[in-house]
Amino acid sequence: MPEQTVEPVRFDFFSALPVVTQVRDIAISSDAGILPIRQFDEQIGLTEGFIGCLSEMRDAAKVEHGLALMVRQRIYGMLAGYEDCNDHDTLRGDPVFKMVSGRAPDGRDLASQPTLSRFENAVDIATLWRLHDFFIDDFIASFDTPPLSVTLDIDPWDDPCHGEQQLALFNGFYDQYQYLPLMISCAETDHILWAALRPGNLHAATGADDDLATIVQRLRAVWPDVRIRVRGDAGCGVPWMYHVCERLDLDYTFGLAANAVLKRASDELIQQAVQQFEQTGQPQRLYTVFRYRAGTWPTHRTVIVKAECNAVGTNRRFIVTNRPGAADWPEACYDEYAARGESENRNKEIKCGVRADRLSCHRFVANYFRLQMHVASLNLLVRLRRVVADPPTLAAHGCATDEQVPVNDPTLPPPALSEPERRRFHNIRRRKDPLGEGHARTWQSLLIKVAGQVVQSARRILVTLPAAWPHIPWFRHVCARIATLRGQPRPAT
């Protein structure tokens, strides 16, 4: 646009001087902070591996926007908060998005919404299976050395649908038309290994046994000695999940829905909790363990009961497990199961952070592919968080500084601290290390969303950031951590 073709707008609210706005033909982006993330992606090759799973079926002579360009356009758009194809009708001329997608700032505009929609709808089922394999390979490549053990959290989440999407069916539990994606993530790294889009009316655990078996087979092919633990809530605590875990020699802990038999077996424990609360006035939490066999089970299994009583009332929960030592340390086993609540944050991140709940294509396969792009965008952020993380250190009581956490035993890892100490650690970390565990919205506000002027010359492309930007220290911190990876070999897949 020629300079000053739009008439300036004047405001008179500032008494000292008039305020005037005008439109000028300058290349400015509001998402210049996406650049270091693109540099990190170049080092680990995540989007490159994703693109390698796709097949180009178009006539090469007529292709204007390649697969690599459109994949990066969508994945980086999701990270920056632009989850819909419609958003790219305005973003396609953004100079920074052109660069991260592989096009020069002064080059042709990126793909439009119709082009992106045709791209998503052209994907076939074979591509989806290759992408499943890719995410497992990427998880394996993220480890420098084989781990001794990994914990896999299985969790479905609801994706309400408001259009005419294929297989968007009514779910009585959620009382809505929806999809019911199933996600399997690693508790130690937050990495998503598997995300399957499913019709909305399925049981929570439908197909989870086959998905888990596929993952275990792939992991043990490269890590034959790894110990695999599996956790899931009561929706996944069903006989076929116990069976696949026992058949594959996995340690499992699942929530168990209450029934009359389990309640009778725990009545004495809940009464004991009530009596102790009445005597002390302090909240009570008691545990017991017993062997139990439901009518459809072929054998007895270990069940742990947690009984609570406080001013609000009573509460009891049941889990079924084959974890070694569960009979001797039921409280520790239950606490380890309760830690799976952190996997709910992966659901929150993919659903609300990168907006994977916007699966609005008509074709089911197209929405499945769109879900995989959301997973790729979140996994890219998860991998980067581990590189830039700078958590506070632990110190003994009496000698801790403002950036250290006072604890009884500073040699323990944070997950092994007592509940008050863990809470204190996470509160200090939120202040000191907001990006280390920050969700997508945090990364957008502290890094991605910054205005940058882009000037292209024959020698370089200069991106100028405002000196008054309050989050420059975080930008420099991220860039410095990524720079340490230069020269290191890209992880093999």
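Criteria and cut-off values
Residues numbered from 1 in each chain as written. Predicted model: local features only at pLDDT ≥ 70, side-chain atom pairs only at ≥ 80, totals over all residues. Heavy atoms only, no water. Helix = DSSP H or I, 4+ residues; strand = E, 2+ residues; numbered from the N terminus. Buried < 20%, exposed > 50% of the residue type's maximum accessible area, 1.4 Å probe, protein only. Axes fitted to C-alpha atoms, helices over the stretch in contact; angles between N-to-C directions. Parallel < 35°, antiparallel > 145°, perpendicular 65-115°, else oblique. Contact = heavy atoms within 4.5 Å. Nonpolar A, V, L, I, M, F, W, Y, C, P; charged D, E, K, R; others polar. Pairing = 2+ DSSP bridges. Core = buried A, V, L, I, M, F, W, Y, C linked by side-chain atoms within 4.5 Å.

Peer 1: Teacher, can you tell me more about unusual backbone geometry here?
Peer 2: Excluding glycine, residues mostly have negative phi values, and the peptide bonds linking residues are mostly trans. One non-glycine residue with positive phi stands out, namely Asp-249, at about 60°. With respect to the helices and strands, the residue Asp-249 is situated in the loop between α9 (239-247) and β11 (251-256). Classification of Asp-249 by relative accessible area gives partly exposed; the value is 45%. The phi torsion at Arg-355 lies on the positive side, around 55°, for a residue other than glycine. Relative to the helices and strands, Arg-355 is located in the loop between α12 (343-353) and α13 (364-388).

Peer 1: Teacher, can you tell me more about the packing of helix α3 (residues 67-79) against helix α6 (residues 113-121) here?
Peer 2: Packed helices, taken two at a time, are described by the angle between their axes plus the distance between the axes. Their axes nearest at 11 Å, the elements α3 and α6 cross at an angle of 105°. Between α3 and α6, the crossing angle belongs to the class labelled roughly perpendicular. Here Leu-67, Met-70, Val-71, Gln-73 and Arg-74 of α3 come into contact with α6, specifically with Thr-115, Leu-116, Phe-119 and Glu-120. Residues belonging to the contact of α3 with α6 are distributed by class as follows: five nonpolar, two polar and two charged.

Peer 1: Honestly, the sheet that holds strand β13 (residues 301-310) in this entry has me stumped. Any pointers?
Peer 2: Paired through their backbone hydrogen bonds, the strands of a sheet run either parallel or antiparallel. Taken in spatial order, the eight strands make up an open sheet running β9-β8-β4-β10-β11-β14-β13-β12, and their pairing is mixed. Edge positions in the sheet fall to β9 (192-196) and β12 (284-292), since each has one partner strand and no second. For this sheet the average axis-to-axis angle between neighbouring strands, irrespective of direction, equals 20°. Taken together, the four bridges between strand β8 (residues 182-186) and β9 define a ladder with antiparallel strand orientation. What sits directly across from Met-183, in β9, is Ala-195. With respect to the sheet, helix α10 (residues 260-280) is in contact with β11, β12, β13 and β14 (313-321), its orientation differing from that of β12 by roughly 160°.

Peer 1: Could you clarify how one ought to interpret the nonpolar core in this entry?
Peer 2: As a rule of thumb, soluble globular proteins bury nonpolar side chains together. Residues Leu-212, Leu-219 and Ile-350 are the most contacted members of the largest nonpolar core, which totals 126 residues. If you tally residues by element for this core, the top one is α13, at 14 residues. Counting seven residues, the second largest nonpolar core, distinct from the first, contains Ile-304, Ile-319, Ala-326 and Cys-333.

Peer 1: Just checking my understanding: could you explain the pairing of β11 for this structure?
Peer 2: Residues in a regular strand point their side chains to alternate faces of the sheet. The buried count for β11 comes to six of six residues, which makes it a mostly enclosed element. Examined bridge by bridge, strand β10 (residues 227-232) and β11 share four bridges and lie parallel to one another. Each residue of the ladder has a partner; that of Arg-229, found in β11, is Asp-251. Two elements, β11 and β14, share four bridges in a ladder whose sense is antiparallel.

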